[in-house]
Amino acid sequence: MVNGVLRSGVPPVNARVASLGGSPIRELLRISTSPGMISFASGSPANELFDVAGVARSYAEVLAAEGPRALQYSSTEGEPELRARIGAFLTAKGIWSTAEDIIITSGSQQGLGLIGQVVLEEGAVVLTENPTFVSALQAFALGGAQFRAVETDEHGMVPEALEAAIVRHSPRAVYTIPTFQNPTGVTTPRERRNELADVLARHDVWLIEDDPYSEIRFRTEPHSPIASDPRLAGKSLYLGTLSKILAPGLRIGWIRGPQEILDVLTTTKQGMSLQTSTIDQLAALHWWEHNDLEEKLDPVRAEYMRRRDTMVDGLAHALPEGSTFNRPDGGMFVWASLPEPYDANHALSVAIADGVVYIPGSHFYVADPVPGTLRLSFVSTSVERIEEGIERLHAVFTYDYQI
Ligand code: PMP
């Protein structure tokens, strides 16, 4: 055989894609589900806070009312009424949108993958926060993109550093998660957002703004997305999702962007998956139209805040002296730094043996990983289990782990 498996014995796969490999974080998530383990690693929302009954009702009512239409193929860009609903939701967040400005994706992750294929290409440079969301890097790398880090501080990307990086690297795009960032929990304040928008408006570069967490806020008023700046309307892509608002298993996300790009994203999606599930879109829309989102989210926010407080209050006791950590105003993650010469990767094997798992921060860097950092998720573990996990971490750093 000439092109196939037989001649070389190696399956004929795209060499670049095959070389990318999987995410080491996935392996940690597998360990997190082993019996007795307390997981601060998972990025999953809390099972017990899902509105299972409400979602069941929506599926039943959609099937009763729509029948075969809910089970039929539908358009690649998504259900028009759901797109209109999302348009109204985004308009209320300060980013004026109609159904035409939006396409539905199978989770934000598909949106990131599509952007990786359509906006990026072999060798295109993307500027990112450092550390950043690894699965976005994975999605962009599939298209051949390369990454350069922009300096960040406790308010997110530093505008002067962004401008310097744009001048230096001539990037195709800037990827940012300005609200309750994954992995650091950092939020960029309004003033800083304006400064970043000023920089982006001055240069020919795309903004890819990823916003899965802004509804999971504990106290602050929401900030408008950076992409809401009218100067960026023709060169920004804003991604959202129902994963943290309703349920990630639904796989409903969206991209808001200019028409010409949405058209190409849509034809690309057509070639990959035809469409996002019709019944899932209709059920999600039904749920959204029959529930008050704020009323539904308030108890979730309150419980997550309790969990955050338990974790943050416990960390002072659990981590070695000289450690630092933040208290994010929302989202799912606390970011901690152990003092030198601690290494969160080395400590992890001891932590796993002691029954607690977190994600070493070094996995999230595009450059210069800092070995003492760790990401701790506070949402998917009950307050009691967080307390127990904190005790286990205390044992790791007090008795069991030798530097
Ligand atoms: N972006 C970020 C920053 C995320 O943290 C996640 C989920 N962990 C996603 C995108 C993907 O979300 P979805 O479930 O919508 O694919």
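- As recorded by an unreviewed UniProt entry, the protein chain carries the name PLP-dependent aminotransferase family protein and is attributed to Brevibacterium salitolerans.
- In its Cofactor (unreviewed entry) section, the UniProt record describing the protein chain reads: "pyridoxal 5'-phosphate".

### Side note on the pattern of salt bridges
No. 1: If you walk through the whole model with that rule in mind, you get 22 salt bridges.
No. 2: Note that glutamate 66 and arginine 69 form a salt bridge whose closest N and O atoms lie 2.9 Å from each other.
No. 3: The class for glutamate 66 is partly exposed, based on a relative accessible area of 32%.
No. 4: Using a relative accessible area of 34% as the deciding quantity, one classes arginine 69 as partly exposed.
No. 5: In this structure, arginine 327 and aspartate 309 form a salt bridge, with 2.8 Å as the shortest nitrogen-oxygen distance. In this pair, arginine 327 sits in the loop between strand E11 (324–325) and strand E12 (333–337) while aspartate 309 sits in helix H13 (residues 293–318), placing the two residues 18 residues apart along the sequence.
No. 6: When its relative accessible area of 41% is taken as the criterion, arginine 327 is described as partly exposed.
No. 7: In this structure, a network of salt bridges that share partners links the residues Lys93, Glu215, Arg217, Glu294, Asp298 and Arg301.

### Quick word on the side chain of threonine 76
No. 1: Inspection of the secondary structure puts threonine 76 in the loop between helix H5 (68–71) and helix H6 (80–92).
No. 2: Ignoring anything within four residues of it in the chain, the contact list for threonine 76 reads Ile104, Thr266, Lys269, Gln270, Leu274 and Gln275.

### Considerations on the site of the ligand
No. 1: In the vicinity of the ligand lie 13 residues, with Ser108, Asp210, Tyr213, Thr241 and Ser243 positioned nearest.
No. 2: Taking threonine 241, its side chain carries an N or O atom lying 2.6 Å from an oxygen atom of the ligand.
No. 3: Here the shell around the ligand gets three residues from one element, more than from any other, and that element is helix H7 (residues 107–118).
No. 4: Tallied by class, the residues present in the shell around the ligand amount to four nonpolar, six polar and three charged.

### Focus: H7
No. 1: Here H7 contains twelve residues, and its C-alpha end-to-end distance of 17 Å stays within 8% of the 16 Å for a straight helix at 1.5 Å per residue.
No. 2: Of all twelve residues in H7, nine are buried, a share of seventy percent or more.
No. 3: Looking at H7, one finds that the buried residues are Gly107, Ser108, Gln110, Gly111, Leu112, Gly113, Leu114, Ile115 and Gly116.

### Regarding the sheet that holds strand E3 (residues 125–129)
In sheet architecture, strand pairing relies on hydrogen bonds along the backbone and comes in two forms, parallel and antiparallel.
No. 1: Within the open sheet, the seven strands sit side by side as E2-E10-E9-E8-E7-E3-E4. Their pairing is mixed. Edge positions in the open sheet fall to strand E2 (102–105) and strand E4 (146–150), since each of these has one partner strand only. Between one strand and the next, the sheet's axes are offset by a mean angle of 25°, whatever the strand orientation.
No. 2: Direction of pairing for strand E7 (residues 173–176) relative to strand E8 (residues 206–210): parallel, over a ladder of four bridges. Paired with tyrosine 175 across the two strands is isoleucine 208, which belongs to E8.
No. 3: The strands that H6 touches are E2, strand E9 (236–241) and strand E10 (253–256); relative to E2, the one it contacts most, it runs at about 115°.

### Thoughts on a nonpolar patch on the surface
No. 1: A grouping of Val17, Leu20 and Leu142 is seen on the molecular surface, where their side chains present a nonpolar patch of about 200 Å² in accessible area.
No. 2: With respect to the helices and strands, the residue leucine 142 is situated in helix H8 (residues 134–142).

### Details of the environment of threonine 33
No. 1: Mapped onto the elements of the fold, threonine 33 is located in the loop between helix H3 (24–32) and strand E1 (38–39).
No. 2: It is 39 Å that separates the C-alpha atoms of threonine 33 and glycine 94, two residues lying 61 residues apart in sequence.

### With respect to the pairing of E4
No. 1: Pairing geometry for E3 and E4, over five bridges, is parallel. The partner of leucine 127 across the bridge, within E4, is arginine 148.
No. 2: Taken together, E3, H8 and E4 form a β-α-β motif whose crossover is right-handed.

### Considering unusual backbone geometry
No. 1: Residue proline 183 is reached from asparagine 182 by a cis peptide bond, and omega for that bond is 20°.
No. 2: On the secondary structure map, proline 183 appears in the loop between E7 and helix H10 (190–202).
No. 3: Phi is positive for arginine 251, which is not a glycine, with a value near 55°.
No. 4: Considering the arrangement of structural elements, one finds arginine 251 in the loop between E9 and E10.
No. 5: We classify arginine 251 as partly exposed; its relative accessible area is 34%.
No. 6: Despite not being glycine, leucine 274 shows a phi value in the positive range, around 60°.

### Notes on the UniProt feature "domain: Aminotransferase class I/classII large" (unreviewed entry) in the protein chain
No. 1: Within this numbering scheme, the UniProt entry marks residues 37–393 as carrying the feature "domain: Aminotransferase class I/classII large" (unreviewed entry).
No. 2: As annotated, residues 37–393 comprises 43% helix and 15% strand, and the C-alpha atoms at either end are separated by 12 Å.

### Some points on the packing of helix H4 (residues 52–66) against helix H12 (residues 278–290)
No. 1: Remark: H4 packs on H12, axes separated minimally by 8 Å, with the N-to-C direction vectors making an angle of 115°. On the basis of their axis angle, the class for H4 and H12 is roughly perpendicular. Between H4 and H12 lies a crossing of right-handed hand. Note on element contacts: H12 touches H4 through Ile279, Asp280, Leu282, Ala283, His286 and Trp287, opposite Gly54, Val55, Ser58, Tyr59, Glu61, Val62, Leu63 and Glu66.
No. 2: Its residues assigned to classes, the contact of H4 with H12 comprises eight nonpolar, three polar and three charged.

Rules and cut-offs
- Residues numbered from 1 in each chain as written.
- Predicted model: local features only at pLDDT ≥ 70, side-chain atom pairs only at ≥ 80, totals over all residues.
- Heavy atoms only, no water.
- UniProt positions renumbered as here; feature names shortened; annotations may be inferred.
- Salt bridge = Lys/Arg side-chain N within 4 Å of Asp/Glu carboxyl O.
- Buried < 20%, exposed > 50% of the residue type's maximum accessible area, 1.4 Å probe, protein only.
- Helix = DSSP H or I, 4+ residues; strand = E, 2+ residues; numbered from the N terminus.
- Contact = heavy atoms within 4.5 Å.
- Near = heavy atom within 4 Å.
- Polar contact = N/O pair within 3.5 Å; in protein donor to acceptor, adjacent residues only side chain to side chain.
- Nonpolar A, V, L, I, M, F, W, Y, C, P; charged D, E, K, R; others polar.
- Expected span 1.5 Å × (residues − 1).
- Pairing = 2+ DSSP bridges.
- Axes fitted to C-alpha atoms, helices over the stretch in contact; angles between N-to-C directions.
- Patch = residues over 30% accessible without salt bridge, like charges linked within 9 Å, V, L, I, M, F, W, Y side chains within 5 Å.
- Areas by Shrake-Rupley, 256 points an atom, 1.4 Å probe, with all protein chains shown as cover.
- Right-handed = clockwise from strand over helix to strand, strands pointing away.
- Parallel < 35°, antiparallel > 145°, perpendicular 65-115°, else oblique.
- Left-handed = near helix turned anticlockwise from the far one by under 90°.

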